[in-house]
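# Structural characterization, general
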Amino acid sequence: MKKSSFTAMILGTVSAVLFALGMCMALVQEWGAFGPGVALGCVGLLMGVVTLVVWRKMEHKGPIRFSGKTVLIILVSVLGALGLGVGMCFCMVWNQMILGVAIGLLGIVALLCLIPLVKGIKA
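This text gives an overview of the structure that appears in the document. (Residues numbered from 1 in each chain as written. Predicted model: local features only at pLDDT ≥ 70, side-chain atom pairs only at ≥ 80, totals over all residues. Heavy atoms only, no water.)

### Some words on a nonpolar patch on the surface
Heads up, the rule is: Residues forming no salt bridge and having over 30% relative accessible area are the ones grouped into patches, like charges within 9 Å of each other and nonpolar side chains (Val, Leu, Ile, Met, Phe, Trp, Tyr) within 5 Å. Accessible areas in this description were obtained via Shrake-Rupley with a 1.4 Å probe; residue shielding takes into account the shown protein chains only. Note on definitions: salt bridges are taken to be side-chain nitrogens of Lys or Arg within 4 Å of carboxyl oxygens of Asp or Glu. Runs of E in the DSSP output that reach at least two residues are strands. Runs of H or I that reach at least four are helices, and both are numbered from the N terminus.
A surface patch of nonpolar side chains, amounting to about 650 Å² of accessible area, comprises Leu52, Ile64, Phe66, Val71, Ile74, Val78 and Leu82. Counting residues per element, the nonpolar patch draws most heavily on helix α3 (residues 68-92), which supplies four residues. Mapped onto the fold, Val78 is located in helix α3.

Laid out in structure tokens, this is it:
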């Protein structure tokens, strides 16, 4: 494993754990830690951006160029993840199984659409 990949893996894991813990702190009302949870979640997001910058620097890559395709990929990925999460909420929190499964499947389909968007279709 390359040094840059190992570094990105460690930093990415720490940032994801911080973000997830922060969101749990903010969203689980029984914990009563909304403010600190939001702060910890923001630290996790910031660390994720730092991870991306550090990895690109170690790989000697230039800055990310935002094109129309990049914006579309980001939009589809965010909508797909939100669709999957909202579908899970419908099933688990609001006890609306059929609607939750339908919304979740739409989110999964949107995430699957990322494969040809990012990699392209080759003959």
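### A short note on helix α2 (residues 34-58)
Which entries qualify depends on this criterion: A helix's residues, less one, multiplied by 1.5 Å, set its expected span. Any residue under 20% of the maximum accessible area for its type is buried, any over 50% is exposed, and the rest in between are partly exposed; the area is computed with a 1.4 Å probe on protein chains only. The contact criterion used throughout is that any non-hydrogen atoms of two residues lie within 4.5 Å.
Between the first and last C-alpha of α2 there are 36 Å, a value that for 25 residues agrees with the 36 Å anticipated at 1.5 Å per step. The set of residues buried in α2 consists of Gly37, Gly41, Gly44, Thr51 and Arg56. Elements that come into contact with the buried residues of α2 comprise α1 (3-27). Looking one or two residues beyond α2, the residue adopting positive phi is His60, at roughly 60°.

### Some points on the packing of aromatic side chains
The geometry of an aromatic ring pair is captured by two quantities: the separation of the ring centres and the angle between the planes. Applicable threshold: Think of it this way: a Phe, Tyr or Trp ring, Trp meaning its six-membered ring, pairs with another when their centres are within 6.5 Å, and the plane angle makes it stacked under 30 degrees, edge-to-face over 60, tilted otherwise.
Applying the stated criterion across every chain yields a total of one aromatic pair. A ring pair is formed by Phe90 and Trp94, whose centres lie 5.1 Å apart and whose planes are at 75°; its orientation type is edge-to-face.

### Observations concerning the side chain of Ser4
The condition that has to hold: Any pair of nitrogen or oxygen atoms within 3.5 Å is treated as a polar contact; in protein, a donor-acceptor pairing is required on top of that, and neighbouring residues in sequence qualify only through side-chain atoms on both sides.
The residue Ser4 is located in helix α1 in this model. Within the local environment of Ser4, its side chain forms a polar contact with the side chain of Glu59, the two groups lying 2.2 Å apart. Once you skip the residues sitting within four places of it in the chain, Ser4 turns out to touch Trp55, Met58 and Glu59.

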